[in-house]
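# Structural overview
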Amino acid sequence: MGPEPIFTFENFLPGGNSAALAHLQALKPGAHGAAPVFLWGAPGSGKTHVLRALAQRWQDAGTQVGWYDADTCLPWELPSQPSLLILDDCERFDAGQQHAAFALFVEAATDGLAVVATGSMPPTDLDLREDLRTRLGWGPTFALQPLSEAETRAALRREADRRGIMLGDEVIDYLLTRFARDLKHLMRLLDRLDEFALAAKRAVTVPLLRQMLADEGLLG
């Protein structure tokens, strides 16, 4: 098995998202009264990566982070001494989770916690209860832009280098011409390819990639 991915601001390729990153990095643990921040973009645009980087930075500073998404079971309660509230992929919240998210928002405002949330579209377009949608859209909103092809190539190669994989241009070409350039999906493919190559004790090549895809029923 390859090493678990590490999510930091340093290994996130900013592309056209420098303003959003600068704003998040300027948030300081212990600072009270900051307006909530909302990040939106298509799957694979890096929303969860920057959230994890932010959460890790605040935890490294000794503060507690409350993280909630559609896979977080109810009831939702903040940690005992939180400084940051994170709501990920808000468009996936069901009615109960929307109610819980709004309650956490009110609690965060009362206690002066920083709030950062994400979604697939701007808050005004989300199919959520009105009071939650209004809260999400109250502060700065940033649209995360997907990486260019060159940036996507660089991200794949950097992750391969971290794993100790020799990833040739022909393998990257194959991935980019046959799959959507959704970095999250491509990274999962790379993860599976790493495991497959280790199990087969073979170098990562296009024939090996094709064999893996055929075994998974993904090769048309």
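Look a little higher up for the structure.
Here goes a summary of the coordinates provided. (Residues numbered from 1 in each chain as written. Predicted model: local features only at pLDDT ≥ 70, side-chain atom pairs only at ≥ 80, totals over all residues. Heavy atoms only, no water.)

A few words now on the layout of surface pockets. There is about 180 Å³ of room inside the second largest pocket. Around the second largest pocket sit 13 residues that line it, and Ala-34, Pro-36, Phe-105, Ala-109 and Trp-138 are the ones nearest its centre. If you list the elements that add at least two residues to the lining of the second largest pocket, you get helix H3 (95-111) and helix H4 (130-136). It is H3 that provides the largest number of residues to the lining of the second largest pocket, a total of 3 residues. In the lining of the second largest pocket, the residues fall into 9 nonpolar, 3 polar and 1 charged. (1 Å grid on protein atoms, 1.4 Å probe; cavity = no way out; pocket = protein on both sides within 12 Å on 5 of 7 lines; lining within 4 Å. Points joined across faces, edges and corners; volume = space filled by probe spheres on them. Helix = DSSP H or I, 4+ residues; strand = E, 2+ residues; numbered from the N terminus. Nonpolar A, V, L, I, M, F, W, Y, C, P; charged D, E, K, R; others polar.)

Time to look at the pairing of strand E1 (residues 37-40). As defined by bridge partners, E1 adjoins strand E4 (residues 114-119) across 4 bridges and the pair is classed as parallel. Opposite Val-37, over in E4, you have Val-116 as the bridge partner. Relative to strand E5 (residues 141-143), E1 runs parallel, the two sharing 3 bridges. Note that in E5 the partner of Leu-39 across the bridge is Phe-142. (Pairing = 2+ DSSP bridges.)

With that settled, the discussion passes to the pairing of strand E3 (residues 82-87). Buried residues dominate E3, accounting for 6 of its 6 residues. Where strand E2 (residues 64-68) meets E3, 5 bridges bridge the pair, whose relative direction is parallel. In the strand pairing of E3, Val-65 is matched with Leu-84. Both E3 and E4 contribute to a ladder of 4 bridges, which runs parallel. Note on E4: the bridge partner recorded for Ile-86 is Val-116. In the classification by handedness, the crossover that spans E3, the intervening H3 and the parallel E4 is right-handed. (Buried < 20%, exposed > 50% of the residue type's maximum accessible area, 1.4 Å probe, protein only. Right-handed = clockwise from strand over helix to strand, strands pointing away.)

Quick look at the sheet that holds E2 now. The 5 strands are arranged E2-E3-E4-E1-E5 in an open sheet whose pairing can be described as parallel. Across the chains shown, the open sheet's two edge strands, defined by having one partner strand only, are E2 and E5. Ignoring strand direction, the axes of neighbouring strands in this sheet form an average angle of 15°. Running over the sheet, helix H1 (residues 18-26) touches E1, E4 and E5 and is turned about 150° from E1. Docked against the sheet, helix H2 (residues 47-60) engages E1, E2, E3 and E4, running at close to 155° with respect to E2. (Axes fitted to C-alpha atoms, helices over the stretch in contact; angles between N-to-C directions. Contact = heavy atoms within 4.5 Å.)

Of the consecutive residues Leu-74 and Pro-75, the connecting peptide bond is found in the cis state with omega at 0°. Its identity is not glycine, yet Asp-89 carries a phi of approximately 55°, on the positive side. Along the chain, Asp-89 turns up in the loop between E3 and H3. If you check the backbone angles, Lys-201 has positive phi at about 55° while not being a glycine. Note on placement: Lys-201 falls in the loop between helix H7 (183-200) and helix H8 (206-215).

With that settled, consider empty space enclosed by the protein. The tally for this structure, following the rule as stated, stands at 1 cavity of 30 Å³ or more. When its volume is computed, the largest cavity comes out at roughly 40 Å³. Lining the largest cavity are Gly-44, Ser-45, Pro-146, Leu-147, Thr-152, Arg-181 and Leu-183. Here the residues of the lining of the largest cavity are counted per class, giving 3 nonpolar, 3 polar and 1 charged.

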